[in-house]
Amino acid sequence: MFGKFTQVPGPKNPDVNLSPLQALRLFVNDTLATRFSNSAAKVSSQNQWTDETSVHAFWKYFAAVLGHGIVQYAEERQAYVAEKSSVAGLLSNSFLRDLHTFEEWQHAKQLFAMSHIDLSAHFNQRASDLLNPAQ
Amino acid sequence: MSESHLSLRVCYRKIAVDEGGLPSWANSKYRKYTPGKPHPNAIEYLVAVDENFFAFNITWPQDDSKKYDDPEKKLDQMRAYVTYFVEYDKQQLPRSKQPYIFYIDSRWASLKLMELLHENQLFGVLSCGENMRPKVLWSWIKADLAKYDWWSIGLPRLSANLVCVRTKDKVYLKILTNYCALKEIQYKKRKRKFPMTEFYVAACDVQKEYNAFKCKVDQLNKAVLEYFRLSRYLDDKVTFTQFFIHLFTVQSWTYYNACTGRSLSQLEYRVLVLQELAVEILPPPQPSVLAVHWPKHMGGRTHNCQYSPCRNNCTYFCIACEKWGCLKCLEKAHLNG
């Protein structure tokens, strides 16, 4: 009825020596990063901002989102407090501060934003390209 | 291994399809208020999650109807998933047809859905609600059912069974399935009051099967939201983009663990990704002279500072320079090269 067991489940082309960032870049590939960069350039010119909109800037934004997810301050602003202004370094985060100033971070959120329809289509496409479903 | 053994392995492709919630306060037409949820203000999405924890075919239904009204009205939402996996198989080379087993909530479970699965030669474990037709069935099937007892009705047209289990005094689990066996098993339970001893009751295999896999989408949603920062963004595009950044990260985390055979936690994976990203996106740190020439405190020993004109007594010694010095002089000498 179903023929032979022909699909190997999981990743279609598993690479044992994959690094964590390489795995991420299989899903968030250059195509998506370039689309983010192009839409950011449009928003930047509309608002007459001088912020960086390259692919490099997109990855900075990506890293900042992951960083905020890990530190989880009550308010985002707290990550950008000056290094010596908080008690024993409880507030502020040097990694996030190296990526953006608070104003740059606020701009980056608006620059690198895309509709859920485009993102869903990309997600579904990459899932079917890279994976075989089920155990 | 014989053909019959191979076919036994084939029947193991479980896909849970359910809704997840993206908490948001954005000005979005997709946002819904659902009282009683951990995040009542949320944007709902549908997703299929397989047994390896990989997510497929995320959709945003924007369904304004009541959550548990007539499930037949929501058949199109599930039809999209059935079609996705049937079409997916057609695209594979060599062409194959895999018998996926869908685990679907009572919000969508109906006889028509089971017919759809049956037509496509797929399997289903559907949890049924009492809004499902025929409604007269439910009072009849529940009548005279003692606690922990179960009852089943066969549907030969669909090769399916409807099983009703009385799990608690007033709770009934109703499952329509063309996959699970009806054999009796021993199910472990725990008393809710002291002493919370464990005991075994006779149950249907369906109950165990459903409970084992029904929460896969909830687990994915929880994994994504664990590091998703709930903020008051007014623009829903910002919320969606940040959600997808976390979803891509969770998917790649599962992918990485599957490829390398490692079992990193999500936090460990995220930290490794950030470390690799930091090397690429941040300028390399300037090598500090003091990192090599680190002044060492020599305990109780003292010496005159060897950096002229200072001749103060000092307790620090630079091992790389082999010179004694007070902190100010050491810093001045090293930073000025």
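Residues numbered from 1 in each chain as written. Chains lettered and ligands numbered in written order. Predicted model: local features only at pLDDT ≥ 70, side-chain atom pairs only at ≥ 80, totals over all residues.

A. Representation of the overall build of chain A within the structure. Scanning chain A from terminus to terminus reveals six helices and two strands. Reading chain A from its N terminus to its C terminus gives the helix and strand order β-α-α-α-α-α-α-β. Across the 135 residues that make up chain A, the buried fraction comes to 33%. Within chain A, contacts between residues separated by at least 24 positions form 59% of all contacts whose residues are at least 6 apart in sequence. (Helix = DSSP H or I, 4+ residues; strand = E, 2+ residues; numbered from the N terminus. Buried ≥ 20, exposed ≤ 12 C-beta atoms within 10 Å, placed from the backbone. Contact = placed C-beta atoms within 7 Å.)

B. How the structure looks around the nonpolar core. All names here are of chain B. Judged by nonpolar contacts, the single largest core of 99 residues is most densely connected at Val17, Val47, Phe102, Ile104 and Leu126. For this core, the leading source of residues is helix α7 (residues 236-260), giving ten residues. Apart from residues lying up to four places away in sequence, Ile104 is in contact with Val17, Met78, Ala109, Leu113, Gly124 and Leu126. One finds Cys314, Cys326, Cys329 and Leu330 within the second-largest nonpolar core, a separate group that totals eight residues. (Core = buried A, V, L, I, M, F, W, Y, C linked by C-beta atoms within 7 Å.)

C. Seen up close, the sheet that holds strand β12 (residues 295-297) of chain B. Residues and elements named next belong to chain B. Read across the open sheet, the three strands follow the order β12-β15-β16; overall the sheet is antiparallel. Each of the sheet's edge strands pairs with one partner strand only, and the pair in question is β12 and β16 (323-325). Averaged over all neighbouring strand pairs, the angle between strand axes comes to 35°, with direction disregarded. In terms of strand pairing, strand β15 (residues 316-318) meets β16 through three bridges, oriented antiparallel. Counted as the bridge partner of Tyr316 is Gly325 from β16. (Pairing = 2+ DSSP bridges. Axes fitted to C-alpha atoms, helices over the stretch in contact; angles between N-to-C directions.)

D. Here's a closer look at the environment of Ile43 of chain B. Residue and element names in this part refer to chain B. Tracing the sequence through the fold places Ile43 in strand β3 (residues 41-50). Exposure remark for Ile43: the 23 C-beta atoms within 10 Å place this residue in the buried category. Once the C-alpha coordinates of Ile43 and Lys323 are considered, the two residues, 280 residues apart in sequence, prove to be 66 Å apart. Apart from the residues within four sequence positions on either side, Ile43 is in contact with Leu22, Ser24, Ser28, Tyr30 and Arg31.

E. Local environment of the confidence of the model for chain B. All names here are of chain B. Across chain B, the average pLDDT comes to 86, with 93% of residues at or above 70. Mean pLDDT values over the elements of chain B span from 42, in helix α1 (residues 3-10), up to 95, in α7. Taken as a whole, residues 1-10 scores under 50 in pLDDT and shows seven contacts with residues more than four places along the chain or in a different chain. Scoring of the predicted complex yields 0.84 for pTM and 0.94 for ipTM. (pLDDT = per-residue confidence, 0-100.)

F. Examining helix α8 (residues 266-281) of chain B more closely. The end-to-end C-alpha distance of α8 of chain B is 22 Å, a good match for the 22 Å that 16 residues give at a rise of 1.5 Å each. Buried within α8 of chain B we find Tyr269, Arg270, Val273 and Leu277 of chain B. End-on, the buried residues of α8 of chain B take up no more than an arc of 95°, which puts them together on one face. In α8 of chain B, the exposed positions angled more than 90 degrees off the buried face are occupied by Gln275 and Val279 of chain B. Contact partners of the buried residues in α8 of chain B: α1 (20-27) and α3 (55-71) of chain A together with α7 of chain B. (Expected span 1.5 Å × (residues − 1). Arc of directions from axis to C-beta.)

G. Representation of the domain arrangement of chain B. Each assigned domain of chain B is listed with its residue range as follows: domain 1 (10-255) and domain 2 (289-335). When each unit is reduced to the centre of its C-alpha atoms, the spacing between domain 1 of chain B and domain 2 of chain B is 69 Å. (Domains from an automatic or database assignment.)

H. Geometry of the interface of chain B and chain A. In this complex, chain B contributes 60 residues to the contact, which on the side of chain A involves 55 residues. Listed by contribution, the elements that provide at least two residues to the side of chain B that touches chain A are α1, β1 (13-23), β4 (55-59), α7 and α8 of chain B. Examining the composition of the side of chain B that touches chain A, we find that 18 residues originate from one element, α7 of chain B, more than from any other. Along the lines of polarity and charge, the residues of the side of chain B that touches chain A split into 33 nonpolar, 15 polar and twelve charged. (Nonpolar A, V, L, I, M, F, W, Y, C, P; charged D, E, K, R; others polar.)

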